[in-house]
Amino acid sequence: GEFVFRKFQHDAGNKTVLGKSGNLQGDDVLDIILNQKQTAVYITQKIYRFFVNEKPDEIIINWLAERFYQGHYNIAGLMKDIFQSEWFYQSNNIGSRIKSPVELIVGMQRALPMQFENPQMQLLLQRLLGQLLFYPPNVAGWPGGKNWIDSSSLMLRMRLPQLISSVGELTARPKDDDDQMMGKRDNATARMGKFGGQFIGAQINWGPYLIKYEGVPREKLVQTISNKILQTKSGIPDGVLKNFIDSSSRENFIKTVTIQLMSTPEYQLC
């Protein structure tokens, strides 16, 4: 991954890049690009769209880009400016992004510690949801945003908590896209086994999760769990969940409320 100068392939003549002329080397060209403030704006905008909001705020982006440029492209400083700002936590920036498939799967695993009987099943879930790690559709990566959602992927996203928590059968089949698999389709298929009629086989360790709500009164459990699980401020009305909650015991109540909240459209947002 390091830059290598190959003198026999180098054009030693005079050249012009962005208005700068001379016998430019590779490092010179990089310096010329970095000296353009638009480079800082471009990088800042991409980071803003990924971490903050798909809809760019030009005033904030220009302020961040100026500090980023003056700070000699210090990424740590840029991220600090974003995460420590008040506007980062404003309501219009909370729940404004659709979780990527990996964010969705990892988020569930962090909220509910679990072990997969067959870890390779996670590759199948990634393919079904449209984001197989290390196999982007092209050099630009995944487009993200609303591209994560279509009629089939949304239904699977909302069924996934149920499939993980119970013995549900996974009958969906991933799209057969060899362009995305970069010629490795057959190998990936072999690793994941046959498609359809499979069980996810996840074992959830509910113990540490249940302890978090030991001191919460029964009547406040739904709202408390909702505040933990969902990032949107609106929450879910109790009436929407009551028909799907197992109230036979406090433990079952907490478990079913959690799974039902993870099965809502609101859980798809971050």
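J.: Which parts of the structure should I look at to understand the overall build of the protein?
T.: Summing up its helical and strand segments, the protein has 13 helices and six strands in all. Within the protein, buried positions represent 40% of all 270 residues. Considering only contacts within the protein whose residues lie at least 6 apart along the sequence, 66% involve residues at least 24 apart. Here the protein has roughly 16500 Å² of accessible surface; of this, 53% comes from carbon and sulfur atoms.

J.: Sorry if this is basic, but what is going on with the packing of aromatic side chains here?
T.: By convention here, two paired aromatic rings are described through the distance between centres and the angle between planes. This model, assessed by the stated rule, comprises nine aromatic pairs. Taking the centre distance of 5.0 Å and the plane angle of 70° together, the rings of phenylalanine 50 and phenylalanine 51 count as edge-to-face. For the ring pair phenylalanine 68 and tyrosine 73, a centre distance of 5.1 Å and an interplane angle of 75° mean the geometry is edge-to-face. For phenylalanine 68, a relative accessible area of 3% corresponds to the buried category. Tyrosine 73 sits in the buried class, given a relative accessible area of 19%. Taken together, Phe50, Phe51, Phe83, Phe88 and Tyr89 form an aromatic cluster joined through their ring pairs. Across from the ring centre of tyrosine 267, 3.5 Å away, lies the NZ or CZ of lysine 99, which sits over that ring.

J.: Looking at this structure, how should I read unusual backbone geometry?
T.: Backbone geometry follows two general trends: most residues other than glycine have a negative phi, and most peptide bonds adopt the trans configuration. Phi at histidine 72 is positive, roughly 60°, even though this residue is not glycine. One non-glycine residue with positive phi stands out, namely tyrosine 73, at about 60°.

J.: I would appreciate a short explanation of the side chain of threonine 258 in the present structure.
T.: Its location among the elements puts threonine 258 in helix 13 (residues 250-262). Once residues lying within four places of it in the same chain are set aside, the contact partners of threonine 258 are Leu112, Tyr209, Ile225 and Ile229.

J.: Looking at this model, I keep getting lost on the nonpolar core. Mind explaining?
T.: For soluble globular proteins, nonpolar side chains are generally found buried alongside one another. Counting residues in hydrophobic clusters, the biggest one holds 39 residues, and the most contacted among them are Leu112, Leu160 and Ile200. Elements represented by at least two residues in this core include exactly helix 5 (101-111), strand 3 (114-116), helix 6 (121-129), helix 7 (151-165), strand 6 (202-204), helix 10 (206-211), helix 11 (221-229) and helix 13. No other element matches the six residues that helix 13 contributes to this core. In this structure, Tyr48, Ala65, Met79 and Ile82 belong to the second largest nonpolar core, which totals 16 residues.

Cut-offs applied
- Residues numbered from 1 in each chain as written.
- Predicted model: local features only at pLDDT ≥ 70, side-chain atom pairs only at ≥ 80, totals over all residues.
- Heavy atoms only, no water.
- Helix = DSSP H or I, 4+ residues; strand = E, 2+ residues; numbered from the N terminus.
- Buried < 20%, exposed > 50% of the residue type's maximum accessible area, 1.4 Å probe, protein only.
- Contact = heavy atoms within 4.5 Å.
- Areas by Shrake-Rupley, 256 points an atom, 1.4 Å probe, with all protein chains shown as cover.
- Phe/Tyr/Trp six-rings, centres within 6.5 Å; stacked < 30°, edge-to-face > 60°.
- Lys NZ or Arg CZ within 6 Å of the ring centre and 35° of its normal.
- Core = buried A, V, L, I, M, F, W, Y, C linked by side-chain atoms within 4.5 Å.

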